[in-house]
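# Geometric and topological summary
One letter stands for each residue in the lines below.
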Amino acid sequence: MLFDEVVLGRRSIRGYKPEPVPRALIEEIIGLAMRAPSSMNTQPWNFYVITGEPLARIRAGNTERTLSGVPQSREFRTGQAFANQHRDRQVGVAKQLFSAMGIARDDKEMRQDWVLRGFRQFDAPVCVIITYDKVLDGSDDTPFDCGAVATALVNAAWSRGLGTVINSQGIMQSPVVREHAGIADDQVIMKSIALGWPDESFPANAVVSERRSVGEASVFVGFD
Ligand SMILES: Cc1cc2nc3c(=O)[nH]c(=O)nc-3n(C[C@H](O)[C@H](O)[C@H](O)COP(=O)(O)O)c2cc1C
């Protein structure tokens, strides 16, 4: 695939076929992703690639804790709730997804079902947890670098016909992930990426999220 086809074609995938993904293919994708730039080439990232029984235990633990009201326990700062234009964009994509799925605004049961789907990693056959070396905690470069490798990973996966969705839902109950994925003590859990073969019949997979124009997002200086 051409670069433009990958970048313009990729979208978050929230419905997967149950077929497994070969380990060699995942290794190839991670290898491509790791060409991402990082601050001083520190490459602070690590990948825990989880499938099968351990992933089932993480799904179950996340669901159980969420339903019983255990508060979130992410391992990084989340800032304040979105407001203004950020909130508008968050609501915008949620509306697109709910509309595609036929979930009505006041349908609490279906909305809850959708949220739990996220905590189950969208039932993807594979989950990639990105962690970083704890010794680098405190540097904003580190999450920046993890974002770079995550973006490269989702595009590399797409170029091989695989779908992904980067998600926070999968790591909101970090002790569950830590326990069942065997995350080392010197690692901080940064983000989760669900990965698998896209289910083309799953309506939300067709959603193309909106973007601001380049003009709205950019300031060009010294060009005139
Ligand atoms: C840091 C980060 C966290 C995200 N967390 C979630 C999540 O918890 N659940 C979810 O459904 N999507 C999640 N997403 C996916 C975004 O909603 C999605 O990337 C955005 O709406 C743009 O859509 P696109 O990926 O289809 O272009 C996350 C994406 C990023 C980059």
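Numbers given to residues run from 1 along each chain, matching the order in which its sequence is written. Totals for whole chains, interfaces and linings use all residues, but because this is a predicted model, local features are given only for residues with pLDDT of at least 70 and pairs of side-chain atoms are given and counted only at 80 or more. Hydrogen atoms and water are omitted, and side-chain values are computed over all heavy atoms in the structure.

The salt bridge criterion pairs a side-chain nitrogen of Lys or Arg with a carboxyl oxygen of Asp or Glu, the two atoms within 4 Å. Applying the stated criterion across every chain yields a total of 7 salt bridges. Glu-28 is paired through a salt bridge with Arg-160; the nearest N and O atoms lie 2.7 Å apart. Here Glu-28, found in helix H2 (residues 23-33), pairs with Arg-160, found in the loop between helix H6 (141-159) and strand S3 (163-167); they are 132 residues apart in sequence, far enough to count as distant. Any residue under 20% of the maximum accessible area for its type is buried, any over 50% is exposed, and the rest in between are partly exposed; the area is computed with a 1.4 Å probe on protein chains only. Its relative accessible area of 33% is what places Arg-160 among the partly exposed residues. For Glu-75, the salt bridge goes to Arg-178, with nearest N and O atoms at 2.8 Å. Note that Glu-75 is positioned in the loop between helix H3 (52-67) and helix H4 (84-101) and Arg-178 in helix H7 (residues 174-181), a separation of 103 residues in sequence. We count a stretch as a helix when DSSP gives it H or I for four or more residues in a row; a strand needs E for two or more, and each element gets its number in order from the N terminus.

Let us look at the site of the ligand. Being near a molecule or strand, for a residue, comes down to having at least one heavy atom within 4 Å of it. Neighbouring the ligand are 14 residues; Ser-12, Arg-14, Ile-166, Gln-169 and Arg-211 lie closest to it. Within the side chain of Arg-14, an N or O atom sits 2.8 Å from an oxygen atom of the ligand. Per-residue accessibility takes into account occlusion by the displayed protein chains alone, with areas from the Shrake-Rupley method and a 1.4 Å probe. Isolated, the ligand exposes 620 Å² of accessible area, and the fraction of that covered by the protein chains is 68%. A total of 3 residues in the shell around the ligand trace back to one element, the largest contributor, which is S3. For the shell around the ligand, a count of residues per class yields 4 nonpolar, 5 polar and 5 charged. Pairs of N or O atoms within 3.5 Å make up the polar contacts considered here, provided that, within protein, one atom can donate a hydrogen while the other can accept it, and that residues adjacent in sequence are counted only when both atoms are side-chain atoms. Lys, Arg, Asp and Glu make up the charged group, whereas Ala, Val, Leu, Ile, Met, Phe, Trp, Tyr, Cys and Pro make up the nonpolar group; the residues left over, Gly among them, are polar.

Mapped onto this numbering, the UniProt entry annotates "domain: Nitroreductase" (unreviewed entry) at residues 8-197. Secondary structure across residues 8-197 comprises 45% helix and 16% strand; the distance between its end C-alpha atoms is 18 Å. UniProt positions are given in the numbering used here, feature names are shortened, and annotations may be inferred rather than shown by experiment.

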